[in-house]
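Residue-level listing of the chains:
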Amino acid sequence: MINQSTPNAVINAEKQIIVDELGLPNIDVIRFIDTGWDNRVYYVSGVDIIYKFPRTKMIGNNYNHEIAIINAIKNYQTQIKTPDIVRIGKGNAYYAYKAIKGRLLSDISSTLDEPAKARIGRQLGDFLKILHATKVENAPEKSVDDEISQLQKWSKVALRYIDNKADKKTYSAVLNQVRFTLPSTLRTLGKTEGLCHGDFHTGNMLVHQEYIAVIDFGDSAYMDISNDFVRVTDSTILHAMSDTYGDAELLKQKIAIRNQAFDYTRLTVNIGKKDWEGADRAYKRIIKSVLL
C-alpha cells in the first residue's frame, strides 16, 4: 500500500514550489489537506487554488490522462461542474485547478431530505451518460481481467485481517469468493465499456446552492460502466442515478458483484488509514456476503 504519512520536509518543499509559482509572500496561506490516497493536496487561500502532488511516480505519470479527460468533459454541456485547470508542473510533477466552492456530499448527505437526494442522483445519472460516451485518445483502459488482478492485489491486506478475526470455515469461504466466485462471475457478466470516473463517490462530489460538482478524475479509464455506481452507498442517490441512467438488469447484476469485490478494497483502505470502524463495517459486509 501507499505510505500515507508525509514528512514535513516534503510538505514544506511542495508548499515552497507553490509560493514560488504564484509569487506568494510565504507558505502560511497554504493549507495541506492530508486526506487523499493517491495525492497530496494543498489549498491556497486568497487565490482559491487547489494543488495536487502525486504520492508516487506512477500516479504522476497518469496526470496526462487525468488532465486530458477533465478538459474533454468541458466540451459538453452538463449540469455538473468540473475542475478548471490553471497550472501544470513541468513533467506533470503537479497540477492546479480553481477551487470549487461547496460542501462534500459525503459530509451533508445525512442532512438532506429524500427529494434533494433524488434530484442530485438524477443530475449525476445524466452526467454519467455523457461521461461514459466521451472519447479521449490514449486514455487508460481497464479490462475485466485487470479488475480481477486489482482485486487479488487489494485483497491481500484484507485477507490477513479477516484471517485474524474469522473462524477457519468462514475464512475458507472468503478465500473461495476472492479466488474463484468473484473472478468467474465478473468474466461471465462481461464488459460494457465507457469512459468512467473510476472513483465516483460522495467524497468526490461537492454541493453548492447553484450546482453539483465532481472532482478527482485520477482513476478515470475506459472500463465497465458499472464501476461508477459501486462507490455510491446512499440508496436514494444511487437509485435516482441508475433510474436516470437507464437501469437494466445486467447493470444491476454488475453493480452488485462489483460491490462485493470492492469491499475488499474498502477494508484494505480503512486498515491503511487506521479507520477501524470503517474496517469493521467492510469486514461485516464481506462475511455477510459469503454466508448468504
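Residues numbered from 1 in each chain as written. Predicted model: local features only at pLDDT ≥ 70, side-chain atom pairs only at ≥ 80, totals over all residues. Heavy atoms only, no water.

All right, on to the overall build of the chain then. Within the chain one finds 11 helices and 11 strands. In terms of overall dimensions, the chain is globule-like: its C-alpha atoms have a radius of gyration of 20 Å, near the 19 Å expected for 292 residues. When the backbone C-alpha atoms are referred to their principal axes, the chain occupies close to 60 × 40 × 40 Å. Per-residue burial for the chain yields a buried fraction of 50% across its 292 residues. Nonlocal contacts in the chain, meaning residues at least 24 apart in sequence, comprise 70% of its contacts between residues at least 6 apart. (Helix = DSSP H or I, 4+ residues; strand = E, 2+ residues; numbered from the N terminus. Rg over C-alpha atoms; globule rule 2.2 N^0.38 Å. Buried < 20%, exposed > 50% of the residue type's maximum accessible area, 1.4 Å probe, protein only. Contact = heavy atoms within 4.5 Å.)

Inspection of the sheet shows strand β3 (residues 49–54) paired to strand β6 (residues 95–98) by four bridges, in the antiparallel sense. Counterpart to Ile50 in the pairing with β6 is Tyr97. Bridging between strand β5 (residues 85–88) and β6 involves three bridges; their strand directions are antiparallel. Bridge assignment links Arg87 to a residue of β6, and that residue is Ala96. If you look at the hairpin formed by β5 and β6, you'll find six residues sitting between the two strands, and Gly91 has a positive phi there, around 65 degrees. (Pairing = 2+ DSSP bridges.)

The next subject is the sheet that holds β6. Sheet strands associate in pairs through backbone hydrogen bonding, adopting either a parallel or an antiparallel arrangement. Strand order in the open sheet formed by five strands is β1-β2-β3-β6-β5, and the pairing between neighbours is antiparallel. On the outer flanks of this sheet lie β1 (30–33) and β5, each paired with one strand and no other. On average, each strand axis in the sheet is tilted by 25 degrees relative to the strand beside it, whichever way the strands run. Each of β1, β2 (39–44), β3 and β5 is contacted by helix α1 (residues 8–22), which is oriented at about 45 degrees to β2, the strand it contacts most. (Axes fitted to C-alpha atoms, helices over the stretch in contact; angles between N-to-C directions.)

A few words on the sheet that holds strand β10 (residues 212–214). With respect to topology, four strands assemble into an open sheet ordered β4-β10-β9-β7, the strand pairing being mixed. Both edges of this open sheet fall to β4 (80–81) and β7 (103–104), since each of them pairs with a single strand only. Pairing analysis gives three bridges linking strand β9 (residues 205–207) to β10, with the strands arranged antiparallel. Among the inter-strand pairings, Leu206 is bridged to a residue of β10, identified as Ala213. The strands that helix α5 (residues 114–133) touches are β4, β9 and β10; relative to β10, the one it contacts most, it runs at about 45 degrees.

This brings us to α5. Three- or four-residue spacings in an α-helix give side chains the same orientation, since the helix completes a turn every 3.6 residues. In this model α5 runs 29 Å from its N-terminal to its C-terminal C-alpha over 20 residues, within 8% of the 28 Å that 1.5 Å per residue would give. Taken as a whole, α5 has its buried residues at Ala116, Lys117, Ala118, Ile120, Gly121, Gln123, Leu124, Gly125, Phe127, Leu128, Leu131 and His132. Between the side-chain oxygen at the start of α5 and the backbone nitrogen of Ala116 there is a gap of 2.8 Å, and the oxygen is on Asp113. (Expected span 1.5 Å × (residues − 1). Polar contact = N/O pair within 3.5 Å; in protein donor to acceptor, adjacent residues only side chain to side chain.)

Another point: helix α11 (residues 276–291). For α11, built from 16 residues, the straight-helix expectation of 22 Å at 1.5 Å per residue is met to within 8% by its first-to-last C-alpha distance of 22 Å. Residues Gly278, Ala279, Ala282, Tyr283, Ile286, Ile287, Ser289 and Val290 constitute the buried set of α11. Buried residues belonging to α11 abut α6 (144–165), α7 (168–189) and α10 (249–272).

What follows is about the packing of aromatic side chains. Scanning all chains against the criterion turns up 10 aromatic pairs. With a centroid separation of 5.1 Å and an interplanar angle of 85 degrees, the aromatic rings of Tyr63 and Tyr95 are classed as edge-to-face. Of this pair, Tyr63 sits in helix α3 (residues 63–73) while Tyr95 sits in strand β6, placing them 32 residues apart in sequence. You can call Tyr95 buried: its relative accessible area is 2%. A network of ring pairs unites the aromatic residues Phe32, Tyr42, Tyr51, Phe53 and Tyr94 as a single cluster. Across the ring face of Phe262, the terminal group of Arg231 is positioned such that the distance to the ring centre comes to 4.1 Å. (Phe/Tyr/Trp six-rings, centres within 6.5 Å; stacked < 30°, edge-to-face > 60°. Lys NZ or Arg CZ within 6 Å of the ring centre and 35° of its normal.)

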